[in-house]
Amino acid sequence: MDLTDTPEEAEFRARLREWLARTLPALPPKPSPDDWPGRRAYDLGWQRALHDAGYADVHWDTPPTVRLIFLEETEKAGAPYVGANFVGLLHAGPTIAAEGTAAQRARWLPPILRGEEVWCQGFSEPDAGSDLAALRTRAWRDGDDYVVSGSKIWTSHAEVADWCELLVRTDPAAPKHRGLTWLAMRMDAPGVTVRPLRTLAGSAEFAQVFLDEVRVPVAHRVGAEHDGWRVTMVTLSFERGTAFAGEVVACRRVLGELAREAHRNGRWDDPALRHRLGGLNAEFRALWRLTQWQVSEARATGAGTPGVAGSVVKLRYSHARQDLYDAAADVLGPLSLDLDRPWTADRLSSLSYTIAAGTSQIQRTLVAERLLGLPKGR
């Protein structure tokens, strides 16, 4: 396994670093965490800057190794995260690129890349979270439309989204993993109601979405009718693939900051804390190497979508992130109760990582059955 940059990759890395060094100082200040219209505008402005510089399609139309270089360099430089645009860029967009028709790709991909439209994800339901295929939101054909009724929950950025990648049941008589269909639904369609959900950290980046006979054109179906589970597996392979690579780099940066804070406040004198931070350093280095291996394999095999090995990264990263911010609480001591401190808010948000993008229990099942070849449970 060769993890060194090719000459072309080294040139891309150098050019990206130079662009980031010129561009980041000129960015406007970030809006308040509660200002979602402002955050949408800020995030889409950053995407437009990437588009104008030729980096907009790095998540889709570049080799996996180049994608990894982009994530590594932008995170190291402190560039904005994709933010409100993450479903479009990292989930829906790649799925449409892989599974959509030529007309669908022409309609939806350019606005995502130019920073003009935001997407949200309408998969989970109140009674269908880990068991996603148990969803009950119905869609039935009426001429050239589907008519959709039901509800979705934990719908990221629904309150500022233009489109929703929506998984619905189109054949209630079929086994639960069949009879599902993947649709693209406009969020301003009649019958769509969005109710924001406030998290433990006090933010409201999730919402519950209620659908009351919402009409979605059949032309907005991605993949065949009743083939939505397979298309959704494509979406989730992107969500669990390299989507966490930038966050692994971010955690390595936070770990360095924690070590410096421990030196400053005297906590570094505790050998147990030093041992804990050293173990986390080894873990995140291993996660980064595993991610590099994953994309190196994709380059060697020509794989168009991430494989189930992404579940290994997602599984271990989710727990390592929680361990990191628990260590941050040890470094901060009583100050870890101050909600105005970034590490405190990050610690609260880290609790969701073993649930989001598939629970740890689901990831273990995928690894056991699809990677290790163990028999399925009864």
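What you see is a predicted model, and the numbers here were worked out from it, not measured in a lab.

Rules of the game
- Residues numbered from 1 in each chain as written.
- Predicted model: local features only at pLDDT ≥ 70, side-chain atom pairs only at ≥ 80, totals over all residues.
- Heavy atoms only, no water.
- Helix = DSSP H or I, 4+ residues; strand = E, 2+ residues; numbered from the N terminus.
- Salt bridge = Lys/Arg side-chain N within 4 Å of Asp/Glu carboxyl O.
- Buried < 20%, exposed > 50% of the residue type's maximum accessible area, 1.4 Å probe, protein only.
- Pairing = 2+ DSSP bridges.
- Phe/Tyr/Trp six-rings, centres within 6.5 Å; stacked < 30°, edge-to-face > 60°.
- pLDDT = per-residue confidence, 0-100.

A. Structural detail: unusual backbone geometry. Phi is positive for Trp 154, close to 55°, though the residue is something other than glycine. By the element assignment, Trp 154 lies in the loop between strand S3 (145–152) and strand S4 (163–169). Phi at Glu 213 takes a positive value of approximately 50°, unusual for a residue other than glycine.

B. Fine view of the pattern of salt bridges. Counted by the stated rule, this structure contains 27 salt bridges. Two residues, Glu 73 and Arg 13, come together in a salt bridge whose shortest N-O distance is 2.6 Å. Taken together, the residues span a long stretch of sequence, with Glu 73 in helix H3 (residues 64–76) and Arg 13 in helix H1 (residues 7–23) at a distance of 60 residues. Glu 73 gets classed as buried once you look at its relative accessible area, which sits at 5%. The salt bridge involving Arg 316 is made with Asp 323; its shortest N-O contact spans 3.4 Å. The partly exposed category is assigned to Arg 316, whose relative accessible area is 32%. Of the residues examined, Asp 323 reaches a relative accessible area of 31% and is grouped as partly exposed. Ionic contacts of the salt-bridge type, sharing partners, join the residues Arg 13, Arg 17, Glu 72, Glu 73 and Lys 76 into one network.

C. Representation of the pairing of strand S2 (residues 138–142) within the structure. Strand direction decides the pairing type here: S2 and S3, joined by five bridges, are antiparallel. For Arg 138, the partnering residue across the bridge sits in S3 and is Ser 149. Counting the residues that bridge the hairpin from S2 to S3 gives two residues, and of these Gly 143 lies at a positive phi of roughly 65°.

D. Structural view of the packing of aromatic side chains. Tallied over the entire structure, the rule returns eight aromatic pairs. Both rings, one in Trp 19 and one in Trp 46, keep their centres 5.7 Å apart while their planes meet at 35°; by these two values the pair is tilted. One end of the pair, Trp 19, is in helix H1; the other, Trp 46, is in helix H2 (residues 36–53), and 27 residues separate them in sequence. The class for Trp 19 is buried, based on a relative accessible area of 9%.

E. Looking closely at the confidence of the model for the protein. Taken residue by residue, the protein gives an average pLDDT of 86. The fraction at 70 or more is 89%. The weakest mean pLDDT in the protein belongs to helix H11 (residues 360–371) at 70; the strongest belongs to strand S8 (residues 221–222) at 98.

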